[in-house]
Amino acid sequence: MAFAVNQPWIGVILSPGDDGSIVIAQAQRNDFEPELKGGERLNAIGSDTTTGISVNATDIVEEPDTLGSYAELNAFRRQQSALVDIISENRIWLDVTSATEGTHRVYVAPQAGRPAWALPFEFWLQIFVGFAGMALGGWVWALRRREAGPFFLAVSGVGLMAAAVSAAIYGTRELALPAEQLVTLTALNQAGSVSWGAAIICLLSVYPRRIAPNAVLVAVWVVSGLAPWIGIAQIAPTPSIGSYTTIIVQLLVIAGLVAIQLSLTRRDPVARAALGWFGLSIMAGSIVFVVAIAVPLLIGLEPQISQAHAFGIVLLFYAGLALGVARYRLFDLGAWAFRLGSYLVGAILLVALDAFLIYGVAVERVPAFGIALLVLGLVYLPLRNAIGGWFDKRPGLTKQGFPQLVEIGLERVPERQSAKWQALLVETFNPLTIQPTTPAAYAALIDDGQGLVVPGHSTLPPLVLQFAAGGRRLFSMHDVGRAQDLVDLVAHALNSSDAHEQGVRKERTRIARDLHDNIGAQLLRTLHTPDVQRKDAIVSETLADLRDIISNVQGDGMALDEVLAELRYETNERLALAGLKLNWRSSGSPAIGVSARLAHTLRSIVREGASNAIRHANAEQLSIEIIEKNNEISLTISDDGIGFADAGPKPGHGLENISSRVLGEGGSLSITGASGTRIHARMPLLEGSIA
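The paragraphs below set out a description of the structure included in this document.

What counts, and at which threshold
Residues numbered from 1 in each chain as written. Predicted model: local features only at pLDDT ≥ 70, side-chain atom pairs only at ≥ 80, totals over all residues. Heavy atoms only, no water. Helix = DSSP H or I, 4+ residues; strand = E, 2+ residues; numbered from the N terminus. Buried < 20%, exposed > 50% of the residue type's maximum accessible area, 1.4 Å probe, protein only. Contact = heavy atoms within 4.5 Å. Areas by Shrake-Rupley, 256 points an atom, 1.4 Å probe, with all protein chains shown as cover. Phe/Tyr/Trp six-rings, centres within 6.5 Å; stacked < 30°, edge-to-face > 60°. Lys NZ or Arg CZ within 6 Å of the ring centre and 35° of its normal. Pairing = 2+ DSSP bridges. Axes fitted to C-alpha atoms, helices over the stretch in contact; angles between N-to-C directions. Core = buried A, V, L, I, M, F, W, Y, C linked by side-chain atoms within 4.5 Å. Lys, Arg positive; Asp, Glu negative; His and termini not counted. Salt bridge = Lys/Arg side-chain N within 4 Å of Asp/Glu carboxyl O. Polar contact = N/O pair within 3.5 Å; in protein donor to acceptor, adjacent residues only side chain to side chain. Parallel < 35°, antiparallel > 145°, perpendicular 65-115°, else oblique. Left-handed = near helix turned anticlockwise from the far one by under 90°. Nonpolar A, V, L, I, M, F, W, Y, C, P; charged D, E, K, R; others polar. Expected span 1.5 Å × (residues − 1).

Before going further, it helps to examine the overall build of the protein chain. Of regular secondary structure, the protein chain possesses 18 helices and 17 strands. Residue burial in the protein chain is summarised as follows: out of 691 residues, 47% are buried. Counted over contacts in the protein chain with a minimum sequence separation of 6, partners at least 24 positions apart contribute 70%. When the accessible surface of the protein chain is summed, it comes to about 33,400 Å², and 60% of that surface belongs to carbon and sulfur atoms.

In structure tokens:
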């Protein structure tokens, strides 16, 4: 930053014109005399104390090593120093040409420093790429400090930083830099580039498999260290050959190492997956550089993208490389690789077709790019989508899988249930082996994706699946989600089946309780009634109670006083036939209403209490008190019989049924037997009951 801003600043943004001239794209200051406008052409620059110098597009070339010969490069450097001498003056002039005013002279006083805000986007992009690459490499090395692979990745990050930062300074200069600074920055850029390549070569020589001894690694660095001097000493035929030949050779070596590592790791899924990240990330970035910059320069064409933008693309792949080394989301390689690779191929095709139309068919640049983009959209993208749909096809739960889940949920034999569950997992993932494992809360990857833990549920044991697709791939995060979905679905099926079974058992218990409390009491009442007509009436009432039991008393509400009146008459008749006296007391609002369920509960409790007094208590009288107050019913049933011991009542269906009914209404119950039996229950009235 200090180096970039401590340069004389004219206050213009310059760009090359189509005819080799320099175009003033924008004036960043408003103190030009006269006003300087965008679109005017810069012809010459000078001052009152120096001789003017004519300028052209070569003077603002982004990468000096792209010039055709060392003679041109040396002339460029001399021109740069001369321009620096001029813009270091207190006041300079610019000879410009506009379409309306013709050629005229504009004066300005250059500032001693360039404001940070005046630095172009390309400068910030390359600075970000350099430091982000170094930070990613350092991050991975910090995670795996004892391994050689991450160390070389960190070294490559330093090389990337050196190359990107030096290029950011000289590639985004306003107009000129001193020749000695250009030489230093260019040498630093070349050293950083070959250091990046040497570090990646060493990385692939030791990871995932070590295929080269330390002596070879040392030789790689010695050769790479000498290579930049070929360009610095101007030994190569052209600057492009001196700068880019070493890089291309390194990339070819890297491609060969990727192929060797692929062969060595063919039986190691984890290593192959890691290498997939390496191969994809490194080769993608390398192809962009070679196709877009190096090859066009070596055959005498212009670079197809700017050096700054090429660094930006390299950073994307460098991030993928770092993730591969750290083995973070390693197992999503397949779809990720295809998407990234297909985008890369699309970009290469676009650049290649654009270059063919410009240099081969002589189409103008703007129409050529439009035609290339149209062809890419009409031909390549539909083909890419079709291939991608096939490649990224992820089998989910098939139509056969849903019946299997239902069968698992309905199966009651644990052995057969477990066998059907494993069969579904085999159909979905096709693992090499399935083994029991320790309980787990959620599905998860283990052993870098070699295994998939599937949690158990109820009668299904937790399992670990080893090697998906018959051992042809690792498990992915998508497999984790799919396994968890299957577990959730089968858990829902099992819970639904259990809930159904519990409902059936609960309904059976309710029917048995009602038959015991109500139908039993009514039948006992019938046995003790001598009047035939009365027996018929009681039988009719019993049938009505039976219908209520079957329909689970889902009828409308009714008035409390009507319920109590019928219950008093029925209870008094039963007790009289058995020789017992009834003491009945009830109070409450005559308009209060109770639900059919609560009315049925009251009848059942009173009937059970009366039945117990008749059959077990040896009592002479039974007292029943029912009081409605504060939206609550208090029911007390007591007799003067023998009661029961202090240890409590003997267990039986009658008292258990009373307790279940009271608790089912949200009430409370107490039963004592010190001086006869006393049952006291409190139950809330349902809000909104109608009389």
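The next subject is the packing of aromatic side chains. Within this structure, the stated rule accounts for five aromatic pairs. Pairing W9 with W117 gives two aromatic rings, centres 5.8 Å apart and planes at 85 degrees, and the pair type is edge-to-face. Residue W9 is located in the loop between α1 (2-5) and β1 (12-16), and its partner W117 is located in the loop between β6 (102-108) and α3 (121-143); the two are separated by 108 residues in the primary sequence. Classification of W9 by relative accessible area gives buried; the value is 2%. Aromatic rings pair up to connect W141, F151 and F152 into one cluster. Directly above the ring of W93 sits R105, whose terminal nitrogen or CZ lies 3.6 Å from the centroid.

Let us look at the sheet that holds strand β9 (residues 451-454). On the basis of which strands lie adjacent, the open sheet formed by four strands has the order β7-β10-β9-β8 and antiparallel pairing. The open sheet has two free edges, formed respectively by β7 (433-436) and β8 (444-446), since each of these has just one partner strand. Each adjacent strand pair in this sheet contributes to an overall mean axis angle of 30 degrees, direction not counted. Where β7 lies against strand β10 (residues 463-466), four bridges are found, and the strand directions are antiparallel. Note that in β10 the partner of Q435 across the bridge is V464. Those strands touched by helix α13 (residues 414-429) are β7, β9 and β10, and its axis lies near 30 degrees from that of β10.

Another aspect to go through is the nonpolar core. Counting 49 residues, the largest nonpolar core has F123, I200, L204, I254 and F311 as its most contacted members. Of all hydrophobic cores here, the second largest spans 30 residues; its members include V594, I605, I658 and V662.

A few words now on the side chain of D639. Summarising the element assignment, D639 is placed in strand β15 (residues 632-639). The side chain of D639 sits in the buried core without any salt bridge; R678 is the nearest counter-charge, 11 Å away. Reaching out from D639, the side chain makes a polar contact with the backbone nitrogen of G641 at a distance of 2.9 Å. If we skip the residues at most four places from it in the chain, D639 touches A613, A617, A619, Q621, L622, S675, G676 and T677.

In the contact formed by helix α4 (residues 148-171) and helix α5 (residues 179-206), the axes pass within 7 Å of each other and the chain directions differ by 160 degrees. Regarding the angle of α4 to α5, the classification is roughly antiparallel. The handedness of the crossing between α4 and α5 is left-handed. Here the residues of the contact of α4 with α5 are counted per class, giving 19 nonpolar, nine polar and no charged.

Below, the discussion takes up the pairing of β10. Side chains L463 and L465 of β10 all project onto a buried face; the interleaved residues V464 and Q466 project onto the opposite face, where all are buried too. Here β9 runs beside β10; their pairing, made up of four bridges, is antiparallel. By the bridge assignment, L452 is partnered in β10 with L465.

Structurally, the position occupied by A491 is in helix α14 (residues 477-527). Judged by its relative accessible area of 12%, A491 falls in the buried class. Sequence separation of A491 and G456 is 35 residues, and the distance between their C-alpha atoms is 8.9 Å.

Look at the link from E33 to P34: it is a cis peptide, with omega at -10 degrees. Structurally, P34 can be placed in the loop between β2 (22-27) and β3 (41-47). Cis geometry is found at the peptide bond from Y207 to P208, where omega equals 0 degrees. Relative to the helices and strands, P208 is located in the loop between α5 and α6 (214-232).

In the structure shown here, the tally under the stated rule is nine salt bridges. Note that E101 and K37 form a salt bridge whose closest N and O atoms lie 3.8 Å from each other. With E101 in the loop between β5 (92-98) and β6 and K37 in the loop between β2 and β3, the pair connects residues that are 64 residues apart, well separated along the chain. For E101, a relative accessible area of 46% puts it in the partly exposed group. With a shortest N-O distance of 2.3 Å, R585 and E625 are connected by a salt bridge. Of this pair, R585 sits in strand β12 (residues 581-587) while E625 sits in strand β14 (residues 621-629), and the two are 40 residues apart along the sequence.

This next bit is on α3. Spanning 23 residues, α3 covers 33 Å between terminal C-alpha atoms, matching the ideal 33 Å at 1.5 Å per step. Within α3 the residues assigned to the buried category are F123, L125, Q126, I127, V129, G130, A132, G133, G137 and V140.

In a regular helix each residue adds 1.5 Å, so 20 residues correspond to 28 Å; helix α17 (residues 596-615) covers 28 Å between its end C-alpha atoms and thus fits that length. Buried residues dominate α17, accounting for 17 of its 20 residues. Its side-chain oxygen at 3.1 Å from the backbone nitrogen of L598, S595 defines the N-terminal cap of α17.

Turning to the pairing of strand β4 (residues 50-54), a few remarks are in order. Two strands pair when backbone bridges link them, and β3 and β4 are joined in this way by three bridges, in the antiparallel orientation. Pairing of S47 across the sheet is with T50, part of β4. Between β3 and β4, which pair antiparallel one after the other, the connecting turn spans two residues.

Two numbers describe how α3 lies on α4: the axes approach to 7 Å, and their chain directions differ by 170 degrees. It follows that α3 is roughly antiparallel to α4 by the angle criterion. Residue composition of the contact of α3 with α4, by class: 19 nonpolar, six polar and no charged.

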